[in-house]
Amino acid sequence: MQIIKSREELKRFILQHKKSKNTIGFAPTMGALHPGHISLYEVARTENDVVVSSIFVNPTQFNNPDDLEKYPRTLEKDLQTLETSGFVDAVYLPEIKDLYPNGAISRQYNFEGIEMEMEGASRPGHFDGVGTVVEELFRQVQPDNAYFGEKDFQQLAIIKKLTEITQLSVKIHGVPTARETDGVAMSSRNKRLTEHGRKTAEIIPDTLHKVQQWFGKLSIPEINQKVKEIFENEPEIRMEYFTIADEQTLRKVEIIQKDHQYRAFLVVVIGDVRLIDNMQLSHNL
């Protein structure tokens, strides 16, 4: 596995593979890698000649400076994880100047409203930061295919919209959420939970599975009330929001319509750790 530490070195690597007409698969990360990240590269390996990773903690997508400061940085372990997986040919480790030559400032995008829903409502500017770093990485890596986990479903939708806006010729693939044996979505933030907090987190997938069972049988306001009651009885976990949204627009819905796809989104805080999850919903009309 080749470790690439500068934009110039990356340019030479990409040029070599473009000349050979090799297809490039890419999944950018912020490090603190877990098996969910590796699942992206496993899929990429089956669909591309060359697989590239990147590790860069992007400052412009953090609204809270403490969150940026606390974000786990485990570079040596991450490189070993990528090497051991056998799925990755090269990992790009850019510095700030490689991605933000004029300083760490976000571009501004019009994502047609999806940036204002859910995460966007509570984290203004977050998706401009995501879009800025992903656009720059796409321009430098020039992938044919890029892979993102469905755990960050809104981010996945933003990146699909980004490729439309920028007309970048990269195909975006969503990869199903990787979960622990107890159903908790794999996340770099899980490492910050206490042992008790980690056990408490099981309520997140448990609740989403209940919502799947209720969906189509109860009205959405009834489901919302049931979810609210679950968390009112859990003093050690605070629900930030629960939403049933249309998968295309990500807008909150109150009525189920035929021929639409829906997804339940849940965000909670345990201690000082914010966790997100979502699950697809189906119904019979």
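Remember, predicted model here, so these are calculated numbers, not experimental data.

**Considering the packing of aromatic side chains**
Turning to step 1, where the next piece is worked out: Under the criterion given, the structure shown has 7 aromatic pairs.
Turning to step 2, where the next piece is worked out: Between Phe 56 and Tyr 100, the ring centres sit 6.5 Å apart and the planes meet at 35°, which makes this aromatic pair tilted. Of the two residues, Phe 56 sits in the loop between strand E3 (50-55) and helix H3 (65-70) while Tyr 100 sits in the loop between helix H5 (96-99) and helix H6 (119-122), which places them 44 residues apart along the sequence.
Turning to step 3, where the next piece is worked out: Ring pairing ties together the aromatic residues Phe 26, Phe 138 and Phe 148, which thus form one cluster.
Turning to step 4, where the next piece is worked out: Residue placement shows Lys 226 over the ring face of Trp 214; its charged tip is 5.2 Å from the ring centre.

**Examining the nonpolar core**
Turning to step 1, where the next piece is worked out: Core analysis: the biggest nonpolar cluster contains 40 residues, and Val 134, Phe 138, Phe 148 and Ile 172 have the highest contact counts within it.
Turning to step 2, where the next piece is worked out: For this core, the element with the most residues is helix H7 (residues 126-141), which contributes 7 residues.
Turning to step 3, where the next piece is worked out: What Ile 172 contacts, discounting residues up to four positions off in sequence, is Phe 138, Ala 146, Phe 148, Leu 156, Ile 159, Lys 160 and Thr 163.
Turning to step 4, where the next piece is worked out: Membership of the second largest hydrophobic core comes to 27 residues, among which are Ile 203, Phe 215, Phe 242 and Tyr 262.

**A word on the sheet that holds strand E6 (residues 171-175)**
Turning to step 1, where the next piece is worked out: If you trace the 6 strands from one edge of the open sheet to the other, you get E1-E4-E3-E2-E5-E6, paired in parallel fashion. With partners counted over all chains shown, the strands left at the sheet margins are strand E1 (2-4) and E6, one partner each. Mean inter-strand twist for the sheet, computed between neighbouring axes without regard to direction, equals 25°.
Turning to step 2, where the next piece is worked out: Across the face of the sheet, helix H4 (residues 75-85) comes into contact with E1, E3 and strand E4 (90-92) while running at roughly 170° to E3.
Turning to step 3, where the next piece is worked out: Relative to the sheet, helix H8 (residues 153-166) contacts strand E5 (145-149) and E6, its axis offset from that of E6 by approximately 170°.

**Things to note about the side chain of Lys 161**
Turning to step 1, where the next piece is worked out: By secondary structure assignment, the location of Lys 161 is in helix H8.
Turning to step 2, where the next piece is worked out: A relative accessible area of 16% places Lys 161 in the buried class.
Turning to step 3, where the next piece is worked out: Once residues within four sequence positions are removed from consideration, Lys 161 is found in contact with Phe 111, Glu 112 and Ile 114.

**Some remarks on the sheet that holds strand E8 (residues 262-270)**
Turning to step 1, where the next piece is worked out: Within the open sheet, the 3 strands sit side by side as E7-E8-E9. Their pairing is antiparallel. In the strand order of this sheet, the two ends are held by strand E7 (238-246) and strand E9 (273-281), each with one partner. Neighbour to neighbour, the strand axes of the sheet diverge by 15° on average, direction disregarded.
Turning to step 2, where the next piece is worked out: With 9 bridges joining them, E8 and E9 adopt antiparallel strand pairing. When the bridges of E9 are listed, Tyr 262 appears paired with Leu 281.
Turning to step 3, where the next piece is worked out: Sheet strands in contact with helix H11 (residues 220-232) are E7 and E8, and its direction is about 160° off that of E7.

What counts as what
- Residues numbered from 1 in each chain as written.
- Predicted model: local features only at pLDDT ≥ 70, side-chain atom pairs only at ≥ 80, totals over all residues.
- Heavy atoms only, no water.
- Phe/Tyr/Trp six-rings, centres within 6.5 Å; stacked < 30°, edge-to-face > 60°.
- Helix = DSSP H or I, 4+ residues; strand = E, 2+ residues; numbered from the N terminus.
- Lys NZ or Arg CZ within 6 Å of the ring centre and 35° of its normal.
- Core = buried A, V, L, I, M, F, W, Y, C linked by side-chain atoms within 4.5 Å.
- Buried < 20%, exposed > 50% of the residue type's maximum accessible area, 1.4 Å probe, protein only.
- Contact = heavy atoms within 4.5 Å.
- Pairing = 2+ DSSP bridges.
- Axes fitted to C-alpha atoms, helices over the stretch in contact; angles between N-to-C directions.

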